[in-house]
Amino acid sequence: MASKKVLTLVFVKEPGKILLGMKKRGFGQGRWNGFGGKVEKGETILEGAKRELLEESGVTANSLTKVGLINFEFEKDPVILEVHIFKTSDYNGSPMETEEMRPQWYTDDAIPFDKMWPDDHLWFPYMFSNRLFEAYFLFQGMDVIVSHWIKEVESL
Ligand SMILES: Cc1cc(-c2ccco2)c2oc(N)nc2c1
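The following paragraphs examine the structure supplied in this document. (Residues numbered from 1 in each chain as written. Predicted model: local features only at pLDDT ≥ 70, side-chain atom pairs only at ≥ 80, totals over all residues. Heavy atoms only, no water.)

## Concerning the pattern of salt bridges
Then, in step 1: Applying the stated criterion across every chain, the model contains 13 salt bridges.
Then, in step 2: Across the salt bridge formed by Glu100 and Lys23, the nearest N and O atoms sit 3.4 Å from each other. In this pair, Glu100 is assigned in the loop between strand S7 (91-92) and strand S8 (101-107) and Lys23 in strand S2 (residues 17-23), connecting sequence segments 77 residues apart.
Then, in step 3: Judged by relative accessible area, which is 15%, Lys23 ranks as buried. (Salt bridge = Lys/Arg side-chain N within 4 Å of Asp/Glu carboxyl O. Helix = DSSP H or I, 4+ residues; strand = E, 2+ residues; numbered from the N terminus. Buried < 20%, exposed > 50% of the residue type's maximum accessible area, 1.4 Å probe, protein only.)

Here it is in C-alpha cells:
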C-alpha cells in the first residue's frame, strides 16, 4: 500500500547566485541541496517550509514563491516523497551553519550538480526560468534515475 510523505525544499536566491546547503547527516547526507524537510502535523506546507529554512540555515523567509512539485519514488519502497519546492529573495538573516546543513552561495553558472541529487540538473532550468512545474522521478537506490517526467504547469 503506497503512502506519501510530504516534504519541502527552499532555495534562497540573490541576483546571479543561489544558496545551497551541504547536508551533514541523515537522508541526502553529502549532497548540496535546498533547505527543507518534513511537514509536521498541525502546520501548513508553507509554515513547514519556513520553519525548516530557519532551523537549517538561520534565514527567515518573509515570503516564499512556489517553484514546483516533485514526487519521488524508490523501487521496492512503498513511501512516495511529495516534495514542495519554493524559492525566496525576500528574507532576513545571514545563512549560518547548523547541525544539519553547511550553507554556501553558488553563482547560477557554477552549481555543483555533480555533488547534488541526480534529478536537480533536470528541473533547475524550470526554477531559473520561472516556469512552474510538476515532476516525477523513479529512483533505483540513491544515485540512479530509472524513469522520469517533467511538465510545465499553469498553477500548483
Ligand atoms: C529522492 C530525492 C529527495 C529529495 C529531498 C529530500 C528532502 C527534500 O528533498 C531531493 O531533493 C532534491 N534536490 N533531489 C531529491 C531527490
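## Some points on the packing of aromatic side chains
Remark: the centre distance and the inter-plane angle together describe each pair of aromatic rings, the angle taken between the planes.
Then, in step 1: Per the counting criterion, the structure on display carries 15 aromatic pairs.
Then, in step 2: When the centroid spacing of 5.7 Å and the interplanar angle of 25° are considered together, the rings of Phe72 and Phe137 count as stacked. Taken together, the residues span a long stretch of sequence, with Phe72 in strand S5 (residues 65-74) and Phe137 in strand S9 (residues 133-140) at a distance of 65 residues. Across this residue pair, the class does not change: Phe72 and Phe137 are buried. (Phe/Tyr/Trp six-rings, centres within 6.5 Å; stacked < 30°, edge-to-face > 60°.)

## Here we look at the site of the ligand
Then, in step 1: Around the ligand sit Leu7, Thr8, Leu9, Phe27, Asn33, Phe72, Phe74, Val83, Trp117, Asp119, Asp120 and Trp123, and that is every residue in its neighbourhood.
Then, in step 2: The separation between a nitrogen atom of the ligand and a polar side-chain atom of Asn33 is 3.0 Å.
Then, in step 3: One nitrogen or oxygen atom from the side chain of Asp119 is found 2.9 Å from a nitrogen atom belonging to the ligand.
Then, in step 4: Here the ligand has 380 Å² of accessible area as a free molecule, and 95% of this is covered by the chains.
Then, in step 5: Broken down by secondary-structure element, the contributors of at least two residues to the shell around the ligand are strand S1 (3-14), S5 and helix H2 (120-128).
Then, in step 6: With 3 residues, S1 is the single largest residue contributor to the shell around the ligand.
Then, in step 7: Here the shell around the ligand is composed, by residue class, of 8 nonpolar, 2 polar and 2 charged. (Near = heavy atom within 4 Å. Polar contact = N/O pair within 3.5 Å; in protein donor to acceptor, adjacent residues only side chain to side chain. Areas by Shrake-Rupley, 256 points an atom, 1.4 Å probe, with all protein chains shown as cover. Nonpolar A, V, L, I, M, F, W, Y, C, P; charged D, E, K, R; others polar.)

## Considering H2
Then, in step 1: Of all the residues in H2, the buried ones are Asp120, Trp123, Phe124, Tyr126 and Met127. One side of H2 carries all its buried residues, which in axial view fall inside an arc of 155°. (Arc of directions from axis to C-beta.)

## Some details on the environment of Phe72
Then, in step 1: The class of Phe72 is buried, set by a relative accessible area of 11%.
Then, in step 2: Spatially, the C-alpha atoms of Phe72 and Met101 are 22 Å apart, while their sequence positions differ by 29 residues.
Then, in step 3: Sequence-distant contacts of Phe72, defined by excluding residues within four places in its chain, comprise Val79, Ile80, Leu81, Val83, Asp119, Phe137 and Phe139. (Contact = heavy atoms within 4.5 Å.)

## Some words on the nonpolar core
When a protein is soluble and globular, its nonpolar side chains tend to lie buried together.
Then, in step 1: Counting 26 residues, the largest nonpolar core has Phe11, Ile85 and Trp123 as its most contacted members.
Then, in step 2: When residues of this core are traced back to their parent elements, those giving at least two are S1, S2, S5, strand S6 (79-88), H2 and S9.
Then, in step 3: Among residues more than four places away in sequence, those in contact with Ile85 are Leu9, Phe11, Thr65, Lys66, Val67, Gly68, Ile70, Trp123 and Phe133.
Then, in step 4: Counting 12 residues, the second-largest nonpolar core is a separate cluster that includes Val12, Leu53, Ala61 and Met101. (Core = buried A, V, L, I, M, F, W, Y, C linked by side-chain atoms within 4.5 Å.)

## Notes on the environment of Val59
Then, in step 1: Among the structural elements, Val59 can be located in the loop between helix H1 (45-57) and strand S4 (60-61).
Then, in step 2: For Val59, a relative accessible area of 0% corresponds to the buried category.
Then, in step 3: Separated by 37 residues in the primary sequence, Val59 and Met96 have C-alpha atoms spaced 7.9 Å apart.

## A look at the pairing of S9
Remember that side chains alternate between the two faces of the sheet whenever the strand is regular.
Then, in step 1: Among the 8 residues that make up S9, 6 are buried, leaving the element largely enclosed by the rest of the structure.
Then, in step 2: As paired elements, S9 and strand S10 (residues 144-152) share 8 bridges and run antiparallel to each other. Note on S10: the bridge partner recorded for Phe133 is Glu152.
Then, in step 3: The turn joining S9 and S10, which pair antiparallel and follow one another in sequence, is formed by 3 residues; a positive phi near 70° is taken by Gly141. (Pairing = 2+ DSSP bridges.)

Read these as geometric descriptors, not functional statements.
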